[in-house]
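# Examination of the molecular architecture
Residue-level listing of the chains:
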Amino acid sequence: MVIDQSIIDGTGRVLVARKTPLDAYIIEGLRKLNITGVYIREGEEEELPPGIEASAEALETIQKLKKVDRTKMQLSESVKARVATGMQFMFNNPGAAGFMDAANTISGDLMKTITENDAVAVNIDALKVSDEYTFKHSVDVASIAMIVARQSGMADKDVRQIGVAGLLHDLGKSEIPNEILNKPARLTDEEFEVMKSHPLRGYNLLKDKPDIAPEILMGVLQHHEKMGGNGYPLALPAEKISPYARILAVADIYDALVTERPYKKGFSPRDAVEMIMAMTEDLDVGIIKMFLKSVILYPVDSVVKLSTGEAAKVVENNVDYPTRPKVVTLMAGKVMDLAVDVSCASVIIE
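Before going into details, it helps to say that this report is about the structure given with it. Since we're looking at a predicted model, the values are computed, not measured.

Calculation criteria
Residues numbered from 1 in each chain as written. Predicted model: local features only at pLDDT ≥ 70, side-chain atom pairs only at ≥ 80, totals over all residues. Heavy atoms only, no water. Helix = DSSP H or I, 4+ residues; strand = E, 2+ residues; numbered from the N terminus. Rg over C-alpha atoms; globule rule 2.2 N^0.38 Å. Buried < 20%, exposed > 50% of the residue type's maximum accessible area, 1.4 Å probe, protein only. Areas by Shrake-Rupley, 256 points an atom, 1.4 Å probe, with all protein chains shown as cover. Lys, Arg positive; Asp, Glu negative; His and termini not counted. Charge placed at Lys NZ, Arg CZ, Asp CG, Glu CD. Phe/Tyr/Trp six-rings, centres within 6.5 Å; stacked < 30°, edge-to-face > 60°. Lys NZ or Arg CZ within 6 Å of the ring centre and 35° of its normal. Pairing = 2+ DSSP bridges. Axes fitted to C-alpha atoms, helices over the stretch in contact; angles between N-to-C directions.

## A few points about the overall build of the protein chain
A tally of helices and strands in the protein chain yields 13 helices and eight strands. The globule rule puts the C-alpha radius of gyration for 350 residues at 20 Å, and the 22 Å found for the protein chain is close to it. Overall, the protein chain is about 65 × 50 × 35 Å in size when its C-alpha atoms are taken along their principal axes. Of all 350 residues assigned to the protein chain, the portion counted as buried reaches 48%. On the protein chain, roughly 17400 Å² of surface is accessible, and the fraction owed to carbon and sulfur atoms is 52%. Averaging the coordinates of the 40 positive side-chain charges in the protein chain and doing the same for the 51 negative ones gives two points 2 Å apart.

Right under this line is the structure:
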């Protein structure tokens, strides 16, 4: 087996590099460090896509400059199975006695995954727990919100609770008629008014549960409120929108943008991030900044096409500018730091 994700200690040192074959010596060393599992490569990996060539000079420069990405959150298959079962139980049985136990268990599984991997970035594609949109979306939102909350310096208790709020933020949709919820076309004004009631419906389903924190309730109720006071269901001004709701709003919009639905195609992650960056009147600017630090659009080793027509390889990501990493062109071997190099200001990744 070959390691697919570098193993890094708390100071950022690479203990075992990606693509290292596992042997008895490495396995024993990992066990001594209390590392009980690693990600492995499946199948053959091509260094470059078919038809793409690179000069020897470029490949040498890439090896010199390449810096390991921050660790991304990824769910094991066993965790995905538990999460999918728990989500189905909750949405089908909102009044069940074990409802909050299920929500807390799922949030705990997500928290364990984040802390064990010391994850500071989220990989949406790796989180898929179900083909059912509402379940998948809820887990995506919970995971993004937890990563952003952790990035913002929130205490572990809050990170776990915001995970619960993310899992439950669309619970009210369980009361929305299917012909509206799954309509493969634009909703009428009347249908949209019904859809807009789901935060309040979710709040009402949860508010009498004795073991639910008020912060979670406010996150569920307010996740569609906007900083400009034009959100729903209460059109709250910015100062009355809770911290959980501010984070959930960003996570919810991003995942909705990138997800394909019967009535729309999903946006590319880059386009979705740029749309989030433009929503400063609707979303908390501080949370947008934390969100940008939590996404990796172009993992190191990605081959990208530049607006110059050149192919290039990503060698380092910029935590503050996820759409503009450092790249090396594959033929000329030219280093282009898209975030800081003024000569590259007009160059974008296509």
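Anyway, onward from the coordinates.
## Let's talk about the environment of Asp9
By the element assignment, Asp9 lies in the loop between strand S1 (7-8) and strand S2 (14-16). For Asp9, a relative accessible area of 17% corresponds to the buried category. Counting along the chain gives 24 residues from Asp9 to Leu33, while the straight-line C-alpha distance between them is 9.7 Å.

## A few points about the packing of aromatic side chains
Evaluated as defined, the whole model comprises two aromatic pairs. Measuring from centroid to centroid gives 6.3 Å for Phe192 and Tyr232, while their planes differ by 80 degrees, and the two rings are edge-to-face. Of this pair, Phe192 sits in helix H8 (residues 189-195) while Tyr232 is found in the loop between helix H10 (214-222) and helix H11 (243-258), placing the two residues 40 residues apart along the sequence. Since its relative accessible area comes to 16%, Tyr232 is described here as buried. If you follow Lys209 out to its NZ or CZ, it ends over the ring of Phe99, 4.5 Å from the centre.

## Digging into the sheet that holds strand S5 (residues 303-305)
Pairing is antiparallel across the open sheet formed by four strands, whose spatial order is S5-S6-S7-S8. Across the chains shown, the open sheet's two edge strands, defined by having one partner strand only, are S5 and strand S8 (335-337). The sheet shows a mean angle of 40 degrees between the axes of neighbouring strands, taken without regard to direction. Note that S5 and strand S6 (residues 311-316) share three bridges and pair antiparallel. When the bridges of S6 are listed, Val303 appears paired with Lys313.

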